[in-house]
Amino acid sequence: MKFVKRAPFTIALVVVLLALALATGPLTGPSSALRQEVGIDLETITHSEWWSLLTAGFFVTNIGQLIIVLVAAIVGVGIAERMIGTLRTVIAFLVTGVVAAAIGLTALWLGSLTGEYWAASVRHLITLDPLSPILGTVAAASAYASVLWRRRIRFVAVASVVVFLLYSGQPSDLYRLLAVFVGLLLGEIMTRHRIRLQRWTSSHHETRVLLAVVAVIFALGPMITLIAHGRFGLLSPLGLFIADGMRRFRGGGVPCSSPTLDQACIEQLGAHAGQGFPAVVLALLPLAIVLVGAYGLLLGRRWAVYLVAAAAVADGVLAAFYFGVVPVIGNPSHLAMRAGQSPEFAGWIVANALLPVILAVIVVSQRRHFLILAGAAARRRFLLTMGIAIVAISGGYLAIGSLLGAQFTPAVGFPDLLSSLPERFIPMSFLLAEQRDFAPTTFASSLLYDGTGPLLMIVLFIALVMLLRGRRSSAAAPDDASEYRRLAREHGGSMSFPGTWAGNSYWFDAERRMGIAYRVANGCAVTTSEPVGRPRDRRDSLGQFVRFCDSNAWTPVFYSVHAEWAGLLEELGWSTTVVAEETVIDPATWEMTGKKWQDVRSSVNRAAREGVHVTWTSWHQLSPRIANQIAEISELWVVERKLPELGFTLGGLDELHDPDVLLGIAADRAGVVQAVTSWLPTWTDGVITGRTLDFMRRRADGMNGVMEFAIAEAAVRAQLDGLDFLSLSGAPLAVAPSAGKPTPLDRVLAMLGRSLEPVYGFRSLLNFKQKFQPRLVPLHLAYPDALSLPAIAVALSRCYLPDLTIGQSAALVRSLR
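Describe the confidence of the model for the protein, naming the residues involved and giving the relevant values.
Summarising the model, the protein shows a mean pLDDT of 82, and 80% of its residues fall at 70 or more. When the elements of the protein are averaged for pLDDT, strand β4 (residues 472-473) gives the smallest value, 48, and strand β12 (residues 662-667) the largest, 95. In the predicted structure, residues 248-254 sits below a pLDDT of 50 and forms eight contacts with residues beyond four places in sequence or in another chain.

Could you give me a rundown of a nonpolar patch on the surface, with the residues and numbers involved?
A cluster of nonpolar side chains, namely Leu 27, Ile 63, Ile 67, Val 71, Ile 74, Val 75, Ile 79 and Met 83, defines an oily patch on the protein surface of about 700 Å² accessible area. Inspection of the secondary structure puts Leu 27 in the loop between α2 (8-24) and α3 (32-38). Look at Leu 27 and you get exposed, because its relative accessible area is 61%.

Could you give an account of the packing of aromatic side chains, with specific residues and numbers?
For the structure on display, the rule yields 18 aromatic pairs. With a centroid separation of 6.4 Å and an interplanar angle of 35°, the aromatic rings of Phe 545 and Phe 548 are classed as tilted. On the criterion of helical spacing, the pair formed by Phe 545 and Phe 548 is a turn pair, its members being three residues apart in helix α25 (residues 538-551). Among the residues examined, Phe 545 registers a relative accessible area of 0% and is labelled buried. Residues Phe 545 and Phe 558 carry aromatic rings whose centres are separated by 5.6 Å and whose planes lie at 65° to one another, so their mutual orientation is edge-to-face. Separated by 13 residues along the polypeptide, Phe 545 in helix α25 and Phe 558 in strand β9 (residues 555-561) bring together distant segments of the chain. Summarising the burial analysis for this pair, Phe 545 and Phe 558 share the class buried. Through pairs of rings, three or more aromatic residues link up here, namely Trp 507, Tyr 518, Phe 545, Phe 548, Trp 554, Phe 558 and Trp 574. We note Arg 512 situated over the ring of Phe 508; from NZ or CZ to the ring centre the distance is 4.4 Å. Above the ring of Phe 695, the side-chain terminus of Arg 697 is found at 4.4 Å from the ring centroid.

Account for the pairing of strand β15 (residues 725-730), with residues named and values stated.
Most of β15 is tucked away, with six of its six residues classed as buried. Bridging between strand β10 (residues 575-585) and β15 involves three bridges; their strand directions are antiparallel. By the bridge assignment for β15, Val 584 is matched with Ser 727. Judged from the three bridges that link them, strand β14 (residues 687-698) and β15 form a sheet pairing that is parallel. By the bridge assignment, Thr 692 is partnered in β15 with Ser 727. Read as a crossover between parallel neighbours, the route from β14 over helix α29 (residues 706-721) to β15 is right-handed.

Kindly report on helix α27 (residues 598-610), identifying the contributing residues and their values.
Its 13 residues give α27 an end-to-end C-alpha distance of 18 Å, which sits within 8% of 18 Å, the value for a rise of 1.5 Å per residue. Buried within α27 are the following residues: Val 600, Ser 603 and Ala 607. End-on, the buried residues of α27 take up no more than an arc of 60°, which puts them together on one face. What points out from α27, more than 90 degrees from its buried face, is the exposed set Ala 608 and Arg 609. Those residues of α27 hidden inside the fold are in contact with α29. Backbone geometry just downstream of α27 places Gly 611 in the positive-phi region, at approximately 75°.

Describe in detail the pattern of salt bridges, supporting the description with residues and values.
Per the counting criterion, the structure on display carries 20 salt bridges. Between Asp 660 and Arg 489 there is a salt bridge, and its shortest N-O distance comes to 3.0 Å. On the criterion of sequence distance, the pair formed by Asp 660 in the loop between α28 (624-641) and β12 and Arg 489 in helix α24 (residues 478-490) is long-range, its members being 171 residues apart. Here Asp 660 falls in the buried class, since its relative accessible area comes to 19%.

Account for the packing of helix α10 (residues 147-167) against helix α11 (residues 171-191), with residues named and values stated.
Relative orientation of the contacting elements α10 and α11 amounts to 160°, with a least axis distance of 8 Å. Between α10 and α11, the interaxial angle falls into the category roughly antiparallel. Between α10 and α11 the crossing geometry is left-handed. Facing α10, whose interface residues are Arg 154, Ala 157, Val 158, Val 161, Val 162, Phe 164 and Leu 165, α11 presents Asp 173, Leu 174, Arg 176, Leu 177, Val 180, Phe 181, Leu 184 and Glu 188.

Criteria and thresholds
Residues numbered from 1 in each chain as written. Predicted model: local features only at pLDDT ≥ 70, side-chain atom pairs only at ≥ 80, totals over all residues. Heavy atoms only, no water. pLDDT = per-residue confidence, 0-100. Helix = DSSP H or I, 4+ residues; strand = E, 2+ residues; numbered from the N terminus. Contact = heavy atoms within 4.5 Å. Patch = residues over 30% accessible without salt bridge, like charges linked within 9 Å, V, L, I, M, F, W, Y side chains within 5 Å. Areas by Shrake-Rupley, 256 points an atom, 1.4 Å probe, with all protein chains shown as cover. Salt bridge = Lys/Arg side-chain N within 4 Å of Asp/Glu carboxyl O. Buried < 20%, exposed > 50% of the residue type's maximum accessible area, 1.4 Å probe, protein only. Phe/Tyr/Trp six-rings, centres within 6.5 Å; stacked < 30°, edge-to-face > 60°. Lys NZ or Arg CZ within 6 Å of the ring centre and 35° of its normal. Pairing = 2+ DSSP bridges. Right-handed = clockwise from strand over helix to strand, strands pointing away. Expected span 1.5 Å × (residues − 1). Arc of directions from axis to C-beta. Axes fitted to C-alpha atoms, helices over the stretch in contact; angles between N-to-C directions. Parallel < 35°, antiparallel > 145°, perpendicular 65-115°, else oblique. Left-handed = near helix turned anticlockwise from the far one by under 90°.

Structure representation (structure tokens):
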């Protein structure tokens, strides 16, 4: 009843759609005469039947479409109506449906006048499609959604309708795409937003989500050819191979068994070959493998990037060979003959080869967002499994095939089987484009001939699933990452935990008692902080690391190290300078008394009045609702700056997933997250002795002072846990004034900090942290040679912003100005 009151138009729409379907034929749709009256086709223009632009959005053609439309209306229009109100929903539904149909129909009419290939192919189709106004309504309502969901809704909507247009290519697919674009425009008008095109700025996490969606759509796209009534899309030739590989033979008769291959026998063998369960498996398993890759992309696995890219390239190469090369060498398929009849269709054939390769290039170009590598044991197990499977299955095909050589037409020997071996692993539908050299004639030979490829695909699928479930690592050497974490648990500093994050490389001394996490950029090996562990001789271990860097022609740079290590390096002849101030709270003496604490006390009291409280948890214990809110808050923070997140020693959403990271979630009584903080552990002999603040985000329209409240609660928790310290971390390039005379380098760093202040607010962050009356602990940069400072400056910038593009660089310059 509550839903009826909040979504009256949705209920009315569902009732109308269902009533019209029942009245006109729920199974097969309206009669031919009624379709002519209420549907959209060229007669809408030639006979001025303009009412059909509206009526076409209320009728369906079959029971399957009816179910999809009713679900889409209840979910899509229902949510839209709750977001934008009933009146705006009605306007969006009517405007997007009518305008999209008018534009699309006009394009179809103009194309048919000029003899355009696609328009001429679909001009006879009558369109009945409520999905166009439904999708248009959802697109319009997306303007009212949060930044995160606005982007996801629009991306999925556009990508989905584009794929349908590419593979199905019916007029309804064009109308849906136009309806989405009209809806996007209408939504911006409704919200009075300034309409402009701009580059999307996304976090690493959101980039992975969107690329995973692309991979899923890429995998499922060919399946559209199985359900489409017509196949007129740009990629329909590629999809036809999937559909052809799954069709059932209806020709009757018995496969020819003559010892020679005349033309009639070839045609008959071609009709019978590649049928049944093996053909279905070999057609569908590559799609399932890409879906596994999509899930790997979502989890940030680097190998999934190359898996999806390899699948896309394979599609393009096979399309190029069987659409282009095979017809040229004398085996023209029906697709090639259609290409000869229409230059436009020939262009479609080229697109089938190029578009998958373009997708592969896009995915690989974003590999920097996927830093999690498979563990060494998992990689070895995968390679060993696939190596054994390839050898065993290929050898079995050759050996058994040689024994069953007489059961093929014509009889085959080892050379014939060897030359045909690569084709056994290609979907059978592709092979329909070329003439067979031989074909099986018995059940045993058919099982061998048709089952070899599916068997290898099944093994590959299982191996990939096992690789996905295997122990993951975020480093170039997975075992080294575990070793570094072990040493950090033994003895680490307050800034050591970022060394466990993705993208780092690791070095250990000869006894593996000391470890260093570093990144190489611009010829410099920049450490994330000071070393971890308890080496027997610190000087000797440092010397080993310096020699290691020298052997690789790298300049060693120790970044964000405390005075203890900075002093030791100075004794070794290095130069140091303070690059940040770490703000440290002593939990044992924590109390909020005195005038200096007035702002913090006010925030704590305000939180109590408004019912805001902090929950301490880890990421894996979060409910989906809370996790989505955190992702939304983080994404909005990134989008507002139009610059990538700083990495290296500053964590983002991905780093929250570590089970050792403590999350402080500040939420109100309704469960709305107001702010989130993350606290990194510092261990001594396996016991957590301190926590360091890392991730810090607040809702833009949240409670004033919520971050002060969240940090105060963290200090109270640290006091109760008996921690030795609570670090609010350091703000890069933000240094408190010192009594000594600044060096030229100090002045350069101070100028750089002031320049970056409008963008990243390092100094403002330091001032904010001083509300908690911390003690300031200097963090040093140690370097062996002053002549290397320019290279070190570039290296540090690349460590923090490795993905900075030209466009983002320009945005940064504009912000600085």
